Amino acid sequence: MKLYVQFMIILIFSLIGEAISTLFHLPVPGSIIGLVLLFLALEFKIIRLRHIDTVGNFLLSNYGKIQRYQRLFASYYHHHFRGYFTKCGCHWSSRPVCQDTL
């Protein structure tokens, strides 16, 4: 049960960051805002490190294993955005260049 609570604390900060990013239409991703909020909560001792220590170490130790699957997701998003730029009339090169800028 302790692990679930620790994971939920991290997840709540991530969701709060996503909500702030969406509500205020910020150009910063919500995950980054959530990390900053989590850092500030730790820095001002709103939550203690022991509240997220075990799950945080687990996530950090398994990051290398997760990276293998990121290539699969990256190729999916690359294919999705390539189709999007083709539909909007943009040219796809090393970076998307729309016809308005040509």
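Everything below is about the structure printed above this text.
My aim in this report is to walk through the structure given alongside it, one point at a time. (Residues numbered from 1 in each chain as written. Predicted model: local features only at pLDDT ≥ 70, side-chain atom pairs only at ≥ 80, totals over all residues. Heavy atoms only, no water.)

1. Regarding the layout of surface pockets
We apply this condition: Here a cavity is any set of points on a 1 Å grid over the protein atoms alone where a 1.4 Å probe fits but cannot get out, and a pocket is any open set with protein on both sides within 12 Å along at least 5 of 7 lines; a residue lines the site when it has an atom within 4 Å of a point. Grid points are joined across faces, edges and corners, and a volume is the space filled by probe spheres set on the points. Only DSSP runs of H or I covering at least 4 residues are called helices, and only runs of E covering at least 2 are called strands; the numbering of each starts at the N terminus. Amino acid classes used here: Ala, Val, Leu, Ile, Met, Phe, Trp, Tyr, Cys and Pro are nonpolar; Asp, Glu, Lys and Arg are charged; the rest, including Gly, are polar.
If you add up the space inside the largest pocket, you get close to 490 Å³. Breaking the lining of the largest pocket down by element, the ones donating at least two residues are α1 (2-23), α2 (30-43), α3 (53-61) and α4 (63-87). Residue classes in the lining of the largest pocket are distributed as 12 nonpolar, five polar and one charged.

2. Quick notes on a nonpolar patch on the surface
Filter applied, for reference: Each patch is built from residues lacking any salt bridge and having more than 30% relative accessible area; the joining distance is 9 Å for like charges and 5 Å for nonpolar side chains (Val, Leu, Ile, Met, Phe, Trp, Tyr). Accessible surface area values rest on a Shrake-Rupley calculation with a 1.4 Å probe, where residue burial reflects the displayed protein chains alone. A carboxyl oxygen of Asp or Glu within 4 Å of a side-chain nitrogen of Lys or Arg is what we treat as a salt bridge. Residue exposure (1.4 Å probe, protein chains only): buried if accessible area is under 20% of the type maximum, exposed if over 50%, otherwise partly exposed.
Where nonpolar side chains cluster on the molecular surface, the patch consists of Leu 23, Phe 24, Leu 26, Val 28, Ile 32, Leu 35, Val 36, Phe 39, Leu 40, Phe 44 and Ile 46 and spans about 1100 Å² of accessible area. With five residues, the single largest contributor to the nonpolar patch is α2. Relative to the elements of secondary structure, Phe 44 occurs in the loop between α2 and α3. Under the relative-accessibility criterion, Phe 44 is labelled exposed at 61%.

3. What to know about α1
Definition in use: What a helix should span is 1.5 Å times the count of its residues minus one. Working definition: the arc comes from the directions between the helix axis and the C-beta atoms, pointing outward to the latter. By definition in these notes, contact holds between two residues if any of their heavy atoms fall within 4.5 Å.
Its 22 residues give α1 an end-to-end C-alpha distance of 32 Å, which sits within 8% of 32 Å, the value for a rise of 1.5 Å per residue. Of the positions making up α1, those classed as buried are Gln 6, Phe 13, Gly 17 and Ser 21. Buried residues of α1, seen end-on, are gathered within an arc of 80 degrees and therefore sit on one face of the element. What points out from α1, more than 90 degrees from its buried face, is the exposed set Tyr 4, Leu 15, Thr 22 and Leu 23. On the buried face of α1, the contacting elements are α2 and α3. In the stretch just after α1, His 25 is the one whose phi turns positive, near 50 degrees.

4. Remarks on the side chain of Gln 6
Mapped onto the fold, Gln 6 is located in helix α1. The class of Gln 6 is buried, set by a relative accessible area of 2%. Aside from chain neighbours lying at most four places away, what touches Gln 6 is Arg 50, His 51, Ile 52, Asp 53, Thr 54 and Val 55.

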